[in-house]
Amino acid sequence: MSDIMVNLKSFQSEHAVEESEQHLLCLRSRCKGLMVNACAHAVFFCKLLHALRQKETGKVSLISSEESLGSEGLKVGIIGGGHIGKQLARALLELSGISAQNIHISTRRPETLSEFQQLGVECFYDNGQLVAWADIVFLCCLPSHLQHICSGICAALREPCIVYSLVTAVPLPRLKQLLSYSAILRPQYHCTSRNLENVWGTNGTIRAALQDPIVIQATCPCSPKERIAVTGKWLEAVFYAALNSSMWRHLPHQHALKLLNDVCFPEHCPICAEQKTSCPRFVCGNFVNQTFVSSLTQEDTFPWFDLTTVQMKESPFSQLLARSVLLQNHLTLLYCTSFGVLLAKSRGMASSGLWQQNVFSFCRSRSQYGAGS
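Residues numbered from 1 in each chain as written. Predicted model: local features only at pLDDT ≥ 70, side-chain atom pairs only at ≥ 80, totals over all residues. Heavy atoms only, no water.

A. Broad picture of the packing of helix H10 (residues 232-248) against helix H11 (residues 253-264). Contact pair H10 / H11: the axes reach a minimum separation of 10 Å and the direction vectors enclose 130°. Our classification of the angle between H10 and H11 gives oblique. For H10 against H11, the interelement crossing comes out right-handed. Contact residues: Phe-239, Ala-242, Leu-243 and Ser-246 in H10; Ala-256, Leu-260 and Cys-264 in H11. (Axes fitted to C-alpha atoms, helices over the stretch in contact; angles between N-to-C directions. Helix = DSSP H or I, 4+ residues; strand = E, 2+ residues; numbered from the N terminus. Parallel < 35°, antiparallel > 145°, perpendicular 65-115°, else oblique. Left-handed = near helix turned anticlockwise from the far one by under 90°. Contact = heavy atoms within 4.5 Å.)

Below, the structure written as structure tokens:
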């Protein structure tokens with residue numbers, strides 16, 4: 001994910017490969033695939049939080065492409081205006097439904113981002129100001145710059161801001177140490193094959209790839225059989241982050257669950273229509289242990305969850321995902337339809353066993369999730 005290929009034109013997906021460079025296609029495809037996955041997952045995360053906020057005000061759904069205006073929308077900040085930051089910004093503007101006015105970029109050279117400024121994105125160089133303003137901050141810098149950036153934003157970081165790191169060279173425990181902060185998401189990707197060009201291609205833009213139904217299905221976090229896969233801990237953290245957002249707005253836990261269920265499970269579900277079953281519904285015990293559930297009153301909110309712990313230890317939600325094929329299928333549907341991709345009945349659904357092979361091999365240590373865990 002480091003921006004080491006920015007000046008190497010032959011390694012960039014927009015440029016054709018000469019015959020003498022054919023043996024390098026696997027490297028180009030891997031780079032392209034990682035970038036496509038990173039942007040797709042970041043867009044999905046923003047769309048989910050944005051939809052929950054809009055659902056609370058009764059406005060739009062996750063599938064809607066309408067932009068939200070004003071302070072009600074999710075505020076997204078990007079630190080870094082290089083190749084990764086630009087690709088992410090383009091993907092968010094095109095696909096997230098978040099207005100340009102609600103996307104800010106902090107970079108040492110804001111004058112190079114006129115493309116985004118003309119669209120209404122505010123570009124400047126003040127990382128602390130960006131962090132104090134944003135609901136989500138994407139770190140899109142070089143690993144060598146990360147320590148300096150973290151030291152500069154620590155004082156401005158406040159809950160419920162979520163730090164989402166695309167600096168994959170720096171592990172999660174180190175990020176937590178650098179930021180002295182726990183609301184951090186860091187997707188981790190595994191490449192399982194050298195033959196990637198048939199999935200991701202080598203030419204064309206990231207935005208174009210994210211409008212291809214085949215590519216969207218390949219990036220689905222419920223599809224570990226793909227050649228590039230994000231670990232299941234990322235998907236867990238996405239949902240715990242959604243609950244943190246509701247907790248910070250002082251929503252009672254039952255109200256938070258209703259919003260999450262309404263956004264995640266459509267009223268007319270093709271999976272349930274075909275199988276003649278009902279959609280799964282999230283309940284409190286899917287996210288916290290039963291001892292904590294029994295202590296909750298109707299007006300109590302969920303606790304504030306440590307997202308770094310979620311990504312490093314087993315949780316009630318990880319156990320649910322591991323055993324429920326029906327939930328896996330519904331989350332596949334949610335992910336794909338959020339990009340406007342309609343799955344055929346005969347394909348796209350996670351089969352029993354495929355999910356479990358990859359999702360929870362990342363970490364098997366156990367913890368009991370209660371208040372503040």
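After presenting the structure, the write-up continues.
B. The confidence of the model for the chain, seen in detail. Summary statistics for the chain give a mean pLDDT of 83 and a share of 77% for residues scoring 70 or more. In this model residues 346-373 is a low-confidence stretch, pLDDT under 50, and it forms 75 contacts with partners more than four residues away in sequence or in other chains. (pLDDT = per-residue confidence, 0-100.)

C. Structural detail: the sheet that holds strand S1 (residues 76-79). Taken in spatial order, the 6 strands line up as S3-S2-S1-S4-S5-S6 in an open sheet, and their pairing is parallel. Each edge of the sheet is formed by a strand with only one pairing partner; in this case those strands are strand S3 (122-124) and strand S6 (184-185). Sheet analysis places strand S5 (residues 162-165) next to S6, joined by 2 bridges and oriented parallel. Note on S6: the bridge partner recorded for Tyr-164 is Leu-185. (Pairing = 2+ DSSP bridges.)

D. Quick look at the layout of surface pockets. In this structure, the largest pocket occupies an estimated 640 Å³ of space. The set of elements that each furnish at least two residues to the lining of the largest pocket consists of helix H2 (83-95) and helix H5 (143-153). Here the lining of the largest pocket gets 5 residues from one element, more than from any other, and that element is H2. Here the residues of the lining of the largest pocket are counted per class, giving 8 nonpolar, 11 polar and 5 charged. (1 Å grid on protein atoms, 1.4 Å probe; cavity = no way out; pocket = protein on both sides within 12 Å on 5 of 7 lines; lining within 4 Å. Points joined across faces, edges and corners; volume = space filled by probe spheres on them. Nonpolar A, V, L, I, M, F, W, Y, C, P; charged D, E, K, R; others polar.)

E. Representation of the packing of aromatic side chains within the structure. Under the defined criterion, the tally for this structure stands at 17 aromatic pairs. Feature note: the residues Phe-239, Tyr-240, Phe-265, Phe-282, Phe-287, Phe-302, Phe-305 and Phe-317 constitute an aromatic cluster, connected by ring pairs. (Phe/Tyr/Trp six-rings, centres within 6.5 Å; stacked < 30°, edge-to-face > 60°.)

F. Structural view of the pattern of salt bridges. This model, assessed by the stated rule, comprises 9 salt bridges. Among the salt bridges present, the one from Glu-56 reaches Arg-249, with a minimum N-O distance of 2.6 Å. Of this pair, Glu-56 sits in helix H1 (residues 25-56) while Arg-249 is found in the loop between H10 and H11, placing the two residues 193 residues apart along the sequence. Overall, Glu-56 belongs to the partly exposed group, its relative accessible area being 31%. Arg-249 gets classed as partly exposed once you look at its relative accessible area, which sits at 24%. Across the salt bridge formed by Asp-262 and Arg-281, the nearest N and O atoms sit 3.7 Å from each other. Taken together, the positions of Asp-262 in helix H11 and Arg-281 in the loop between helix H12 (270-275) and helix H13 (290-295) put the pair 19 residues apart, joining distant regions of the chain. Overall, the relative accessible area of 26% leaves Asp-262 in the partly exposed class. (Salt bridge = Lys/Arg side-chain N within 4 Å of Asp/Glu carboxyl O. Buried < 20%, exposed > 50% of the residue type's maximum accessible area, 1.4 Å probe, protein only.)

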